[in-house]
Amino acid sequence: MADEALFLLLHNEVVSGVYKSAEQGEVENGRCITKLENMGFRVGQGLIERFTKDTARFKDELDIMKFICKDFWTTVFKKQIDNLRTNHQGIYVLQDNKFRLLTQMSAGKQYLEHASKYLAFTCGLIRGGLSNLGIKSIVTAEVSSMPACKFQVMIQKL
Amino acid sequence: MSRPAHRRPEYHKINKDLFVLTYGALVAQLCKDYEKDEDVNKYLDTMGYGIGTRLIEDFLARSCVRRCHSYSEITDIIAQVAFKMYLGITPSVTCNNSSRNEFSLILDKNPLVEFVEELPAGRSSLCYCNLLCGIIRGALEMVHLAADVTFLQDRLKGDSVTEIGITFLKKLDERKYRRKK
């Protein structure tokens, strides 16, 4: 779908724009990641509202995570999450072997150090989606070899 | 568990929502970062330029447009093929001057502002969709056409329609002239 190209390009421009206007240094890097994550959070909240308007009520946390892995991921990234693991105590690991936002970047270890910038928005997306479904969480991402990446979701019990 | 069939078309709409919502979050973040509207507008235009220079390749790969021989053909293609492909709308084209190098795209429906009710207070000169101007400018430059693209009218600012003005800066006709000789 042509829309995908638009979003991909916009996302890349946003990332480079945020980093261009920041100075060097560890602190700034963290601030940029936070900015991107917060943007993703807003978008995730809005998206999940529109998406789940007509769906049935979710049975439990695992049901919600499966929804994120299947329907949500398919709609946003055109494919499902390849692997979902959990310890049944509030930690879920979503593994995507061919993450759409990284496929164009590299197919191995090249540019690995820049990968985290391009995952921040998606972490926020997941966190925002879960937040509007009533789940407070912390989402982090790690990449060992592009374009595969893992998103770790830690549910915060209130 | 079977899904009702009517849910299929939803997916395409959600996909467009992703872009629209991301754009909204971007503009909101920019409004937080920059005090002056002109700075936000300029930033959006620069961003759009970067996107346009890359989007043109995607566009040319997907569509099979033939070589254009006049500015009005180019503007028609932008309106009828490119806008349709990426935003799902078809703006109407009008020519603004007799030398045939100034055109307007009139958008009666703008998907980018679908979730925008009104411009925030104190931001009355913000060109919310300035990204589009940058995209058109960047894309045209990659096919060696210099153009000035700005918003002439904006529904968010109270005008009746949203109008994008494209002014081509170098004359195509000169080359045609020489060939005819």
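The structure presented is a predicted model; accordingly, all values stated were derived computationally and were not measured.

1. Describing the pattern of salt bridges
Counted according to the given criterion, the structure contains 13 salt bridges over all chains. When the shortest N-O distance is used, the salt bridge between Arg100 of chain A and Glu4 of chain A registers 2.7 Å. Here the residue Arg100 of chain A occupies a position in helix α4 (residues 100-103), and Glu4 of chain A occupies one in helix α1 (residues 2-20), the gap between them amounting to 96 residues. According to the relative accessible area criterion, Glu4 of chain A is buried, its value standing at 17%. Close ionic contact of Arg50 of chain A with Asp17 of chain B constitutes a salt bridge, the shortest N to O distance being 2.5 Å. Of the two residues, Arg50 of chain A is situated in helix α2 (residues 26-51) and Asp17 of chain B in helix α1 (residues 8-33); the pairing between them involves two chains.

2. What about the packing of aromatic side chains?
Two numbers describe a pair of aromatic rings. These are the distance of the centres and the angle of the planes. Evaluation of the coordinates by the stated rule reveals twelve aromatic pairs over all chains. Aromatic pair Trp73 of chain A and Phe77 of chain A: ring centres 4.7 Å apart, planes at 50°, arrangement tilted. One end of the pair, Trp73 of chain A, and the other, Phe77 of chain A, are both in helix α3 (residues 61-77), four residues apart, so they sit about a helical turn from each other. A relative accessible area of 0% means that Trp73 of chain A is categorised as buried. Relative to Phe168 of chain B, the ring of Tyr71 of chain B has its centre 4.3 Å away and its plane inclined at 10°; by these criteria the two rings are stacked. Pair noted here: Tyr71 of chain B is in helix α3 (residues 71-87) and Phe168 of chain B is in strand β4 (residues 162-168), with a separation of 97 residues, a long-range link. Neither residue differs from the other here; Tyr71 of chain B and Phe168 of chain B are each classed as buried.

3. Some words on the interface of chain B and chain A
In this complex, chain B contributes 35 residues to the contact, which on the side of chain A involves 28 residues. Buried area between chain B and chain A, both sides added, is near 3000 Å², and the carbon and sulfur share of it is 69%. Between the two partners, chain B and chain A, sit three salt bridges. Where chain B packs against chain A, one counts four residue pairs in polar contact (both at pLDDT 80 or more). Listing elements by their share of the side of chain B that touches chain A, those giving two or more residues are α1, α2 (37-62), α3 and α4 (130-142) of chain B. Of all the elements, α1 of chain B adds the most residues to the side of chain B that touches chain A, at 17 residues. Counted by class, the side of chain B that touches chain A contains 20 nonpolar, five polar and ten charged residues.

4. Structural notes on the side chain of His11 of chain A
Residues and elements named next belong to chain A. Along the chain, the position of His11 falls in helix α1. Residue His11 is classed as buried on the basis of its relative accessible area of 1%. Setting aside residues up to four positions removed in sequence, His11 forms contacts with Leu101, Tyr118 and Phe121.

5. Comments concerning the sheet that holds β4 of chain B
Two pairing modes exist for strands in a sheet, parallel and antiparallel, and in both the strands are linked by backbone hydrogen bonds. All names here are of chain B. With respect to topology, four strands assemble into an open sheet ordered β1-β2-β4-β3, the strand pairing being antiparallel. Edge positions in the sheet fall to β1 (92-95) and β3 (147-153), since each of these pairs with one other strand and no more. Between one strand axis and the next, the sheet turns through 25° on average, direction left out of account. Note: β3 against β4, six bridges, orientation antiparallel. Bridge pairing in β4 places Ala147 opposite Phe168.

6. Some remarks on the packing of α3 of chain A against helix α5 (residues 115-132) of chain A
Packed helix pairs are specified by the crossing angle of their axes together with the interaxial distance, meaning the distance between the axes. Residue and element names in this part refer to chain A. Orientation of α3 relative to α5, taken along the N-to-C sense of each, is 130°, at an axis distance of 12 Å. Here α3 is positioned oblique relative to α5, judged by the angle of their axes. In this structure, the crossing between α3 and α5 has a hand that is right-handed. For the pair α3 and α5, contact is made by Ile64, Met65, Ile68, Phe72, Trp73, Val76 and Phe77 and by Thr122, Leu125, Ile126 and Leu130, respectively. Considered class by class, the residues forming the contact of α3 with α5 number ten nonpolar, one polar and no charged.

7. What to know about unusual backbone geometry
All names here are of chain A. Residues Met146 and Pro147 are joined by a peptide bond in cis, for which omega reads -5°. Mapped onto the secondary structure, Pro147 falls in the loop between β3 (137-145) and β4 (148-155). We note that Lys78 has phi near 65°; this positive angle belongs to a residue other than glycine. Tracing the sequence through the fold places Lys78 in the loop between α3 and β1 (83-86). Looking at Lys78, the relative accessible area reads 31%, which means it is partly exposed.

Parameters at a glance
Residues take numbers from 1 onward in each chain, read along the sequence in its written order. Numbering of ligands from 1 and lettering of chains from A proceed in the order in which they are written. The model is predicted, so local features are restricted to residues of pLDDT at least 70 and side-chain atom pairs to those at 80 or more, both for listing and for counting; the totals for chains, interfaces and linings are taken over all residues. Side-chain numbers come from the whole structure's heavy atoms, not from hydrogens or water. Any Lys or Arg side-chain nitrogen found within 4 Å of a carboxyl oxygen on Asp or Glu counts as a salt bridge. We count a stretch as a helix when DSSP gives it H or I for four or more residues in a row; a strand needs E for two or more, and each element gets its number in order from the N terminus. Buried residues are those whose accessible area, probed at 1.4 Å on protein chains only, stays under 20% of the maximum for their type, while exposed residues exceed 50% and partly exposed ones sit between those limits. A pair of Phe, Tyr and Trp rings is counted when the ring centres sit within 6.5 Å of each other, with Trp represented by its six-membered ring. The angle between the planes then sorts it: under 30 degrees is stacked, over 60 is edge-to-face, the rest tilted. Any two residues having at least one pair of non-hydrogen atoms within 4.5 Å are treated as being in contact. The term buried area refers to how much accessible surface (probe radius 1.4 Å) is lost by two components on association, counted for both of them together. By the criterion applied in these results, polar contacts are pairs of N or O atoms within 3.5 Å in which, for protein atoms, one can donate a hydrogen and the other can accept it, and in which residues neighboring in sequence qualify only through two side-chain atoms. Under this grouping Gly is polar, as are all residues other than the nonpolar Ala, Val, Leu, Ile, Met, Phe, Trp, Tyr, Cys and Pro and the charged Asp, Glu, Lys and Arg. Any two strands with at least two DSSP-identified bridges between them are counted as paired. Helix axes use the C-alpha atoms of the stretch in contact, all axes being lines fitted to C-alpha atoms, and the angles between their N-to-C directions lie in the range 0 to 180 degrees. Note on angle classes: values under 35 degrees are labelled roughly parallel, values over 145 roughly antiparallel, values of 65 to 115 roughly perpendicular, and the remainder oblique. Each crossing is labelled by how the near helix is turned from the far one, with a counterclockwise turn of less than a right angle marking it left-handed and a clockwise turn marking it right-handed.

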